[in-house]
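Chain by chain, the residues:
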Amino acid sequence: MNGKVRGDKRYYGQAIGIALLDQLHSQPLIPGNVGNASTYDFPVRLKVIKGLHDNPYPPVRDEQGRYSADVQRTVEAVEIPVFSSPLLLVPLISRMIGKRQKVGILTASKKRLTREFLEPVGVDDSIPYAVEGLEASTEFCACFIGGTRTTLDVDLLGAQVVDIASGFVRENPDIGALLLECSDLPPFAADIQEATGKPVFDFITFINAVYQAVVQRRYTGFL
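None of the values given here were measured: they were computed from a predicted structure.

What counts, and where the lines are drawn
Residues numbered from 1 in each chain as written. Predicted model: local features only at pLDDT ≥ 70, side-chain atom pairs only at ≥ 80, totals over all residues. Heavy atoms only, no water. Pairing = 2+ DSSP bridges. Helix = DSSP H or I, 4+ residues; strand = E, 2+ residues; numbered from the N terminus. Contact = heavy atoms within 4.5 Å. Axes fitted to C-alpha atoms, helices over the stretch in contact; angles between N-to-C directions. Phe/Tyr/Trp six-rings, centres within 6.5 Å; stacked < 30°, edge-to-face > 60°. Buried < 20%, exposed > 50% of the residue type's maximum accessible area, 1.4 Å probe, protein only. Arc of directions from axis to C-beta.

Undergrad: How do you make sense of the sheet that holds strand E4 (residues 129–132) when you look at a structure like this?
TA: Adjacent strands of a sheet pair through backbone hydrogen bonds, lying either parallel or antiparallel. On the basis of which strands lie adjacent, the open sheet formed by four strands has the order E4-E3-E5-E6 and parallel pairing. The outermost strands of the open sheet, each flanked by one partner alone, are E4 and strand E6 (200–201). With two bridges connecting them, strand E5 (residues 175–180) and E6 associate as parallel partners. Opposite leucine 178, over in E6, you have valine 200 as the bridge partner. Each of strand E3 (102–106), E5 and E6 is contacted by helix H6 (residues 189–196), which is oriented at about 165° to E5, the strand it contacts most.

Undergrad: What am I meant to see in the packing of aromatic side chains here?
TA: Here the distance between the centres and the angle between the planes together describe a pair of aromatic rings. Applying the stated rule across the entire model yields four aromatic pairs. Arranged with centres 3.7 Å apart and planes meeting at 0°, the rings of phenylalanine 42 and tyrosine 211 form a pair that is stacked. A residue pair is termed long-range when its members are at least 10 positions apart, and phenylalanine 42 in the loop between strand E1 (16–21) and strand E2 (44–49) and tyrosine 211 in helix H7 (residues 203–214) qualify at 169 residues. Judged by centre distance (4.9 Å) and plane angle (40°), the ring pair of phenylalanine 83 and phenylalanine 206 falls under tilted. Residue phenylalanine 83 is located in the loop between helix H1 (67–70) and helix H2 (90–97), and its partner phenylalanine 206 is located in helix H7; the two are separated by 123 residues in the primary sequence. Across the pair, exposure class does not vary: phenylalanine 83 and phenylalanine 206 are buried alike. In textbook terms, an aromatic cluster arises when at least three aromatic residues are bridged by ring pairs, as seen for Tyr40, Phe42 and Tyr211.

Undergrad: I'm lost on H2 in this one. Help?
TA: It helps to recall that an α-helix has 3.6 residues per turn; residues three or four apart then point in one direction. Three or more residues of H2 are buried, namely Val90, Ile93, Ser94 and Ile97. Viewed end-on, H2 has its buried residues packed into an arc of 100°, placing them on one side of the element. Those residues of H2 that are exposed and aimed more than 90 degrees away from the buried face are Arg95 and Met96. Of the residues trailing H2, glycine 98 is marked for its positive phi of about 90°.

Honestly, it's all geometry; don't read function into it.
Take a look at the structure:
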């Protein structure tokens, strides 16, 4: 860096800021999780939003549960790029693989991923997609779906997630690519890709792309 630079900032060197739900304090966020700073090859700023919860499984959900997708409606209120959900990638992925193939969305709860989540991020009936949930994973449920346990068997969870993803693709042979909607799934993205042979997109895919867009690098090499 050279020449004149501008100050007047509170923090420096963090191009990506990540807002975390308050409930994530008690859950194990392993490397690869959106909320684990070691996931990234660049500095990120993590901030827990006190009092903001998004547990979709207690009876009270209607207003709180739409947080991730609905917050995308607020982008007009700020002057920085806002991306609240990897579901924003679904229209792009669909165009990449074509209408003859589906985007397979792997999410925490299949029955909860309704139109009220999908429409704010541009996913409508013009896009072929299929949805599978993680309700069959006992380890995921114990820690993330209404469970209160603060320990996690990473190997067991990984095996269960891969099994669910593999079954999802077998049952939907027209899936052309997978999107991991849940922020707890990227640690297993490589295993899912190896097992299914499909391109796998997730929150980290999205964050890495946005980071490169706002912090472009200069290229050097040999001619």
